[in-house]
Amino acid sequence: MNLLQIIRTSISLYRAHAGWYTLAGLGLFLTTTVSIGLMVGAILFDMIIALYFGTDGQWIKYPLGVAAVLMTTACGFIISSFLLFGGLGAFVHFCAQIGAGVREITVLGYLEYIKRFGGSFWPIGMTQLITGSVVALPILIVGVWLTPGWLVLTLLAVFISIFAFAVAQWPFWLAFGAQVVERKGSITSLKNALGVSLAAPATTMAGVLMLAVLFTFPLPMLIFYPIYFFFLLAPFAAIFGVVYYEAAKGMIQ
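Basis of the calculations
- Residues numbered from 1 in each chain as written.
- Predicted model: local features only at pLDDT ≥ 70, side-chain atom pairs only at ≥ 80, totals over all residues.
- Heavy atoms only, no water.
- Helix = DSSP H or I, 4+ residues; strand = E, 2+ residues; numbered from the N terminus.
- Rg over C-alpha atoms; globule rule 2.2 N^0.38 Å.
- Buried < 20%, exposed > 50% of the residue type's maximum accessible area, 1.4 Å probe, protein only.
- Contact = heavy atoms within 4.5 Å.
- Lys, Arg positive; Asp, Glu negative; His and termini not counted.
- Charge placed at Lys NZ, Arg CZ, Asp CG, Glu CD.
- Phe/Tyr/Trp six-rings, centres within 6.5 Å; stacked < 30°, edge-to-face > 60°.
- Salt bridge = Lys/Arg side-chain N within 4 Å of Asp/Glu carboxyl O.
- pLDDT = per-residue confidence, 0-100.

Visitor: Please clarify how the overall build of the protein chain should be interpreted in this entry.
Guide: Each helix and strand in the protein chain was counted, giving 9 helices and 0 strands. Listed by position from the N terminus, the elements making up the protein chain come as α-α-α-α-α-α-α-α-α. At 20 Å, the protein chain has a C-alpha radius of gyration in line with the 18 Å of a compact globule built from 253 residues. Taken across its 253 residues, the protein chain has 41% of its residues classed as buried. Taking as baseline every contact in the protein chain between residues at least 6 positions apart, the subset at least 24 positions apart corresponds to 76%. Between the centroid of the 10 positive side chains of the protein chain and the centroid of its 6 negative side chains there is a distance of 11 Å.

The following block contains the structure:
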């Protein structure tokens, strides 16, 4: 299958099972919301700890205060990111199942899948997060620093950094699909994704660029963007990634 065939197949699958993919998107929305809530809760707890040592930032002067804040932040981040990436893995799994004709999506199924396989999706998600951040954060910092008082230019810098964050993950963008399809663990899935990306760099980059454009440019929709992301873009991206990986591995023709 070439890239256009993969795109057509992905669109056809989405159109044929749109209602079920919407339900899968709801599961992703719920796990993402809970994950963000956990991180916000950890930050609020950090604030309580800081206030315990004083109202003027005195906590930074106390080793115990610093250790408590760092520990709370680290625990909050690990737990919330585990749920986020585990939920994303479960979402991709259910999207693949829907495409294969299996229509069984439940909250318990989501949680059970996260419990069983979340440990393999967390390293994949962290690898993608770190890879994207290494490229995007310098662009964001320099862009905002160079455009003080210029709202349009500042927003442009933000858009460019978000776009760069997505594109920088090119070597590993198929890792979630690889783990869902083959279940060989995070390291093997990352290696397999890298192998597929390097085997056809122009084609895989074109796929990443397409998804990056679909992710970035609708951002001005503001309050409507979450609806677009969770119920349209995310299902299509999950289908596209799984179909691409299976086609690259010769599992489908």
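Visitor: Please clarify how the packing of aromatic side chains should be interpreted in this entry.
Guide: The geometry of an aromatic ring pair is captured by two quantities: the separation of the ring centres and the angle between the planes. Enumeration over the complete set of coordinates arrives at 17 aromatic pairs. With a centroid separation of 5.5 Å and an interplanar angle of 65 degrees, the aromatic rings of Trp173 and Tyr244 are classed as edge-to-face. In this pair, Trp173 sits in the loop between helix H5 (151-167) and helix H6 (175-182) while Tyr244 sits in helix H9 (residues 225-248), placing the two residues 71 residues apart along the sequence. Accessibility assignment for this pair places Trp173 and Tyr244 in one class, buried. Each residue in the set Phe29, Phe215, Tyr225, Tyr228, Phe229 and Phe230 is aromatic and connected to the rest through ring pairs, giving one cluster.

Visitor: It is not clear to me how the side chain of Ser10 should be interpreted in this structure. Could you clarify?
Guide: Within the element layout of this structure, Ser10 appears in helix H1 (residues 3-16). Overall, Ser10 belongs to the buried group, its relative accessible area being 0%.

Visitor: Before we go on, may I ask you to explain the pattern of salt bridges in this structure?
Guide: Where charged atoms of side chains with opposite charge meet at close range, the side chains can pair. The full count for this structure, using the stated rule, is 1 salt bridge. In this structure, Lys184 and Glu182 form a salt bridge, with 4.0 Å as the shortest nitrogen-oxygen distance. Look at Glu182 and you get partly exposed, because its relative accessible area is 22%.

Visitor: So what exactly am I meant to see when it comes to the confidence of the model for the protein chain here?
Guide: Where the model shows low pLDDT, its predicted coordinates should not be examined in detail. A residue-level look at the protein chain finds 100% of positions with pLDDT of 70 or above and a mean pLDDT of 90. The least confident element of the protein chain, judged by mean pLDDT, is H5 at 86; the most confident is H6 at 95.

Visitor: Sorry, what's going on with H6 here?
Guide: Among the 8 residues that make up H6, 6 are buried, leaving the element largely enclosed by the rest of the structure. Those residues of H6 that sit buried are Ala175, Phe176, Gly177, Ala178, Gln179 and Val180. Buried residues belonging to H6 abut helix H3 (63-99), helix H4 (107-146), helix H7 (186-199) and H9. Downstream of H6 by a residue or two, Arg183 has a phi angle that is positive, lying close to 50 degrees.

Visitor: In this structure, what is going on with the environment of Val208? I would like to understand it.
Guide: Its location among the elements puts Val208 in helix H8 (residues 201-216). The exposure class assigned to Val208 is buried, which follows from its relative accessible area of 5%. Ignoring anything within four residues of it in the chain, the contact list for Val208 reads Ala166, Val167, Trp170 and Trp173.

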